[in-house]
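One letter stands for each residue in the lines below.
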Amino acid sequence: MLLRSDDEVEAKKLQQRIKSSILEIVKKREINVKDGEFQSFGSDYLGQLVEMTRESDVKKRITIDQMIDEIKAMYGAGHLTTTNLLGWCVVLLAINTEWQDRAREEVNRIFGRKSPDSDGIARLKIINMIINECLRLYPPVLTVTRKVAKEAKIGELRIPPKINIYISILALHHNPDIWGKDVHLFRPERFAEGVAKATNNNAAAFLPFGLGPRTCVGLNFTTNEAKVTFNDFAEVQVCSVT
Ligand code: HEM
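Looking up the protein chain in an unreviewed UniProt entry gives the name Cytochrome, with the organism given as Sesamum angolense. Entered under Subcellular location (unreviewed entry) in the UniProt record, the comment concerning the protein chain runs "Membrane". In its Cofactor (unreviewed entry) section, the UniProt entry covering the protein chain states "heme".

Pasting the structure below:
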């Protein structure tokens, strides 16, 4: 008989609880549609997924379990990563108050008391530099994985096919050969002339969102979200740590 470890038992329980809470939210939407309160399950991501579980074309239909997997993936990929980035931004700005002041000055200059718009967001240069430096020092995703399709050689290293390779984003971002002796310091000015200049045109040196065809689909969304959040920083003093 196979015995399950305490961790596995706990993981199974958590899995069940996550599934039940997702199904509960879905049920509320179904009841609202049934009672005629709403015409559809909603135009948001969840609403569209629920719609797909009821698709008449079987080729397009997804199962309830697939819907739950999609929701979990989006939550894990999109929520934890963004909160992690914003958390480190707050810590680093609390330590480096001169950058906090520069960020506040930029937001006030570009938006004043207006709500952020896409034109203004594109002009937030200082904040872009701060976000990149936070992503470099504390990348929310530490590794990317790739499966080797066919045998390859990198320098003296022979890489056999079908193995998984774990590329450490953290190690690349903390390599003094790429970033210099001040690699462990918070220095947003290294991104003043863009990522290409900061990495000496080495696209694989800065990988917070991965690279290639499977790069993060939330890249633009999350950086805009972070910049909008910075707009709120302008109105408050992020505590300072000395
Ligand atoms: C600071 C925030 C984020 C970071 C640092 C981040 C980082 C990453 C990384 C490193 C990958 C792997 C890319 C690769 O293998 O080359 C990835 C994939 C992915 N990310 Fe993000 N991500 C963030 C936010 C988001 C958001 C907000 C969403 C959704 C709204 C999202 C959805 C995804 C999805 C669906 C994938 C899988 C893409 C695929 O395999 O084709 N991410 N992300």
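Undergrad: So what exactly am I meant to see when it comes to the coordination of the iron atom of the ligand here?
TA: Put simply, the ideal angle at a metal is 109.5 degrees for four donors in tetrahedral geometry and 90 or 180 degrees for six donors in octahedral geometry. A lone protein donor contacts the iron atom of the ligand, and this donor is Cys216 (SG), found at 2.3 Å. With respect to the helices and strands, the residue cysteine 216 is situated in the loop between α9 (194-198) and α10 (219-233).

Undergrad: What's the story with the pattern of salt bridges in this structure? I'm lost.
TA: Any two side chains of opposite charge can pair if their charged atoms end up close together. Under the criterion given, the structure shown has 12 salt bridges. Here arginine 104 and aspartate 101 are joined by a salt bridge, their closest N and O atoms 3.4 Å apart. Of this pair, arginine 104 and aspartate 101 both sit in helix α4 (residues 97-111), three residues apart, roughly one helical turn.

Undergrad: In this structure, what is going on with the environment of cysteine 134? I would like to understand it.
TA: Looking at the element boundaries, cysteine 134 is found in helix α6 (residues 125-137). You can call cysteine 134 buried: its relative accessible area is 1%. Residues cysteine 134 and leucine 219 lie 85 residues apart in sequence; the distance between their C-alpha atoms is 15 Å. With residues up to four places along the chain from it excluded, the contact list for cysteine 134 reads Leu85, Trp88, Cys89, Leu92, Pro139 and Phe186.

Undergrad: Can you walk me through a nonpolar patch on the surface in this structure?
TA: Residues Trp88, Val91, Ile95 and Tyr138 make up a contiguous nonpolar surface patch of about 330 Å² in total accessible area. Among the structural elements, tryptophan 88 can be located in helix α3 (residues 64-95). The exposure class assigned to tryptophan 88 is partly exposed, which follows from its relative accessible area of 30%.

Undergrad: Just checking my understanding: could you explain the site of the ligand for this structure?
TA: Not every one of the 21 residues close to the ligand is listed here, only the nearest: Arg146, Gly210, Leu211, Arg214 and Cys216. Between an oxygen atom of the ligand and a side-chain N or O atom of arginine 146, the distance comes to 2.6 Å. With respect to the ligand, the side chain of arginine 214 contributes an N or O atom lying 2.7 Å from an oxygen atom. Put simply, the parts of the chain that give the shell around the ligand at least two residues each are α3, β1 (143-147) and α10. No other element matches α3, which puts six residues into the shell around the ligand.

Undergrad: What's the story with the packing of helix α1 (residues 6-34) against α3 in this structure? I'm lost.
TA: Between two packed helices, what matters for the description is the angle formed by their axes and the separation of those axes. Look at α1 against α3: their axes get within 11 Å of each other, and the N-to-C directions meet at 100°. Judged on the interaxial angle alone, α3 and α1 are roughly perpendicular. In this structure, α1 contributes Gln15, Ile18, Lys19, Ile22, Leu23 and Val26 to the contact, and α3 contributes Ile64, Asp65, Met67, Ile68, Ile71 and Lys72. Here the residues of the contact of α1 with α3 sort into eight nonpolar, one polar and three charged.

Undergrad: Could you clarify how one ought to interpret the packing of aromatic side chains in this entry?
TA: Geometry of an aromatic ring pair is reported as the spacing of the ring centres plus the angle between the planes. Within the structure shown, the criterion is met by four aromatic pairs. Both rings, one in tryptophan 88 and one in tyrosine 138, keep their centres 3.7 Å apart while their planes meet at 5°; by these two values the pair is stacked. With tryptophan 88 in helix α3 and tyrosine 138 in the loop between α6 and β1, the pair connects residues that are 50 residues apart, well separated along the chain. Aromatic side chains tryptophan 179 and phenylalanine 206 sit 6.2 Å apart centroid to centroid with 75° between the ring planes, which places their arrangement in the edge-to-face category. One end of the pair, tryptophan 179, is in helix α8 (residues 176-179); the other, phenylalanine 206, is in the loop between α9 and α10, with 27 residues separating them in the sequence. A network of ring pairs unites the aromatic residues Trp179, Phe191 and Phe206 as a single cluster.

Reading guide: rules and limits
- Residues numbered from 1 in each chain as written.
- Predicted model: local features only at pLDDT ≥ 70, side-chain atom pairs only at ≥ 80, totals over all residues.
- Heavy atoms only, no water.
- UniProt positions renumbered as here; feature names shortened; annotations may be inferred.
- Donors = N, O, S within 2.8 Å, 3.2 Å for Na, K, Ca; no water.
- Helix = DSSP H or I, 4+ residues; strand = E, 2+ residues; numbered from the N terminus.
- Salt bridge = Lys/Arg side-chain N within 4 Å of Asp/Glu carboxyl O.
- Buried < 20%, exposed > 50% of the residue type's maximum accessible area, 1.4 Å probe, protein only.
- Contact = heavy atoms within 4.5 Å.
- Patch = residues over 30% accessible without salt bridge, like charges linked within 9 Å, V, L, I, M, F, W, Y side chains within 5 Å.
- Areas by Shrake-Rupley, 256 points an atom, 1.4 Å probe, with all protein chains shown as cover.
- Near = heavy atom within 4 Å.
- Polar contact = N/O pair within 3.5 Å; in protein donor to acceptor, adjacent residues only side chain to side chain.
- Axes fitted to C-alpha atoms, helices over the stretch in contact; angles between N-to-C directions.
- Parallel < 35°, antiparallel > 145°, perpendicular 65-115°, else oblique.
- Nonpolar A, V, L, I, M, F, W, Y, C, P; charged D, E, K, R; others polar.
- Phe/Tyr/Trp six-rings, centres within 6.5 Å; stacked < 30°, edge-to-face > 60°.

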